[in-house]
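A look at the structure
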Amino acid sequence: MQNIQKKAVLEALQKITVPGEGKNMVDSGAVQNIVVFGDEVVVDVVINNPSLQAKKRTEVEVMKAIHAEVHEKAKVFVNVKVIAPEKPEIKGKPIPGIKNIIAVASGKGGVGKSTVTANLAVALAKMGFQVGLLDADIYGPSMPIMFDVADQKPLSVNVDGKSKMKPIENYGVKMLSIGFFTNPNQAVIWRGPMAAKALNQMIFDADWGELDFLLLDLPPGTGDIHLSIMQAMPVTGAVVVSTPQKIALADARKGVAMFQQETINVPVLGIVENMAYFTPEELPDNKYYIFGKEGAKHLSEDLNVPFLGEIPLVQSIRESGDVGRPTALQENTPQAQAFTKLAQNVVQSVAERNKSLPPSEAIKITTMAGCSPKK
């Protein structure tokens, strides 16, 4: 085998585009060094995405380019170094005792965002975390029904001389919702400032205690409530829910873009694909891709954000939500396992995100209960 030329390697790497930059890997400065020893090529690359997925994808792309453009039997070694981007701006006043605040959003309604949030909360609680859930969907609060607590009302408790709301607790999840304070037969007709004030009270005038995660079930779309939430508290990161359908993906793309705007600048922990495929109860091994196949997965790759998992369209998920017993409580069913995997991926994504910030700006997760060890 003839010696490989460094110039040929450079030309091959110029054909790889860096996601989000529009430049190739060489011109963007991502390629730091190339060393050639006969048929061996060592490439040093820097990226600013701390996820394992991004590191692996970079390695694979470099290897593919060199094998395709330079020599198919070249021995390629890729060293990927992560340089954290400028740390995300931490906004709002922190809530004592709450380590991580995760906003669950969707670009549009009807994609199952609340169902995903409820089951994610239960799955995290089953893993041993202290979990809270704030139903911030002012105009369509559904959590009281999903947790079988629709007839309960939060009590007032005295904490350090101040009167605070005590969240309702079920299945190991502490919860507050505007649904506890409104008549179920009447619509909530509020302007933005009134809705924001109600949310602020549920956030800051509540006795949440010590929490590893506070999940925020946001309203669909991108609007006033979202901005109020982002301005009120230091959100650790956002999870975006979408179906594989083209229309839903277009709106999910806007949802991700909202969090990435300079004025908001909340890290996107990843995208969840809900209703990924339909599996009938009598044919558990069959998958029917009713809304399209892997659309959200491809979107996550396109936007260079982690893919957190796919949730099947199974009748029992809807039934469980309607009777107030989330599917994640089940043992070893495919749908419960899907939510467990989602929870593990969210925890890992939060841990990786917190590592990219200075310790003074973020509280690191000290336990990875239920997660497989990282290699």
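In this report, the structure presented in the accompanying data block is examined. Just so it is clear, the structure is predicted and the values come from calculations on it, not from any experiment. (Residues numbered from 1 in each chain as written. Predicted model: local features only at pLDDT ≥ 70, side-chain atom pairs only at ≥ 80, totals over all residues. Heavy atoms only, no water.)

Looking now at a nonpolar patch on the surface. A surface patch of nonpolar side chains, amounting to about 280 Å² of accessible area, comprises Leu-283, Tyr-288 and Ile-290. Examined against the element boundaries, Ile-290 turns out to sit in the loop between strand 12 (268–278) and helix 8 (295–303). (Patch = residues over 30% accessible without salt bridge, like charges linked within 9 Å, V, L, I, M, F, W, Y side chains within 5 Å. Areas by Shrake-Rupley, 256 points an atom, 1.4 Å probe, with all protein chains shown as cover. Salt bridge = Lys/Arg side-chain N within 4 Å of Asp/Glu carboxyl O. Helix = DSSP H or I, 4+ residues; strand = E, 2+ residues; numbered from the N terminus.)

Turning our eyes to something else, we now look at the sheet that holds strand 3 (residues 75–82). The pairing of strands in a sheet comes from backbone hydrogen bonds and takes either a parallel or an antiparallel form. The sheet built from 3 strands is open, its strands ordered 1-2-3 with mixed pairing. Where the open sheet ends on each side, the last strands, each with one partner, are strand 1 (31–37) and strand 3. Sheet twist, expressed as the average angle between the axes of neighbouring strands with direction ignored, equals 15°. Two strands pair when backbone bridges link them, and strand 2 (residues 40–47) and strand 3 are joined in this way by 8 bridges, in the parallel orientation. The residue of strand 3 that forms the bridge with Val-42 is Phe-77. (Pairing = 2+ DSSP bridges. Axes fitted to C-alpha atoms, helices over the stretch in contact; angles between N-to-C directions.)

This brings us to the sheet that holds strand 4 (residues 98–105). If you walk across this open sheet you meet the 8 strands as 8-9-5-10-4-11-12-13, and the pairing is mixed. Both edges of this open sheet fall to strand 8 (168–170) and strand 13 (307–313), since each of them pairs with a single strand only. The sheet shows a mean angle of 25° between the axes of neighbouring strands, direction not considered. Relative to strand 9 (residues 173–177), strand 5 (residues 131–135) runs parallel, the two sharing 5 bridges. Following the sheet pairing, Leu-133 is matched in strand 9 by Met-175. Each of strand 4, strand 5, strand 9, strand 10 (211–217), strand 11 (237–242) and strand 12 touches helix 3 (residues 113–126); the most contacted strand, strand 10, lies at about 170° to it. Sheet contacts for helix 8: strand 12 and strand 13; angle to strand 12, the most-contacted strand, approximately 160°. (Contact = heavy atoms within 4.5 Å.)

Let us look at the environment of Val-70. When you line up the elements, Val-70 lands in the loop between helix 2 (52–69) and strand 3. Among the residues examined, Val-70 registers a relative accessible area of 23% and is labelled partly exposed. A sequence separation of 66 residues divides Val-70 from Ile-4, and the C-alpha atoms of the two residues are 7.4 Å apart. (Buried < 20%, exposed > 50% of the residue type's maximum accessible area, 1.4 Å probe, protein only.)

One face of the sheet, then the other: side chains in a regular strand alternate in exactly this way. With 0 of 5 residues buried, strand 6 (residues 155–159) is to be regarded as a mostly surface element. By the bridge criterion, 5 bridges tie strand 6 to strand 7 (residues 162–166) in an arrangement that is antiparallel. Residue Val-159 lies in a different strand from strand 7, and its bridge partner there is Lys-162. Between strand 6 and strand 7, which follow one another and run antiparallel, lie 2 residues, and Asp-160 among them has a positive phi close to 50°.

Further remarks concern helix 1 (residues 6–13). Taken together, the buried positions of helix 1 are Val-9, Ala-12 and Leu-13. Buried residues of helix 1, seen end-on, are gathered within an arc of 95° and therefore sit on one face of the element. (Arc of directions from axis to C-beta.)

Counting across every chain of the model gives 3 aromatic pairs. Here the aromatic rings of Phe-278 and Tyr-288 are separated by 6.4 Å at their centres, their planes lie at 35°, and the arrangement is tilted. Linking Phe-278 in strand 12 with Tyr-288 in the loop between strand 12 and helix 8, this pair joins segments that are 10 residues apart in sequence. When its relative accessible area of 38% is taken as the criterion, Tyr-288 is described as partly exposed. (Phe/Tyr/Trp six-rings, centres within 6.5 Å; stacked < 30°, edge-to-face > 60°.)

Of all hydrophobic cores here, the largest spans 43 residues; its most connected members are Leu-124, Phe-147 and Leu-342. In terms of residue count, the dominant contributor to this core is helix 3 (8 residues). Setting aside its immediate chain neighbours within four residues, Leu-124 contacts Phe-129, Val-131, Phe-213, Leu-215, Ala-343 and Val-347. If you look at the next biggest cluster of nonpolar residues, it comprises 37 residues, including Ala-105, Ile-203, Ala-252 and Val-305. (Core = buried A, V, L, I, M, F, W, Y, C linked by side-chain atoms within 4.5 Å.)

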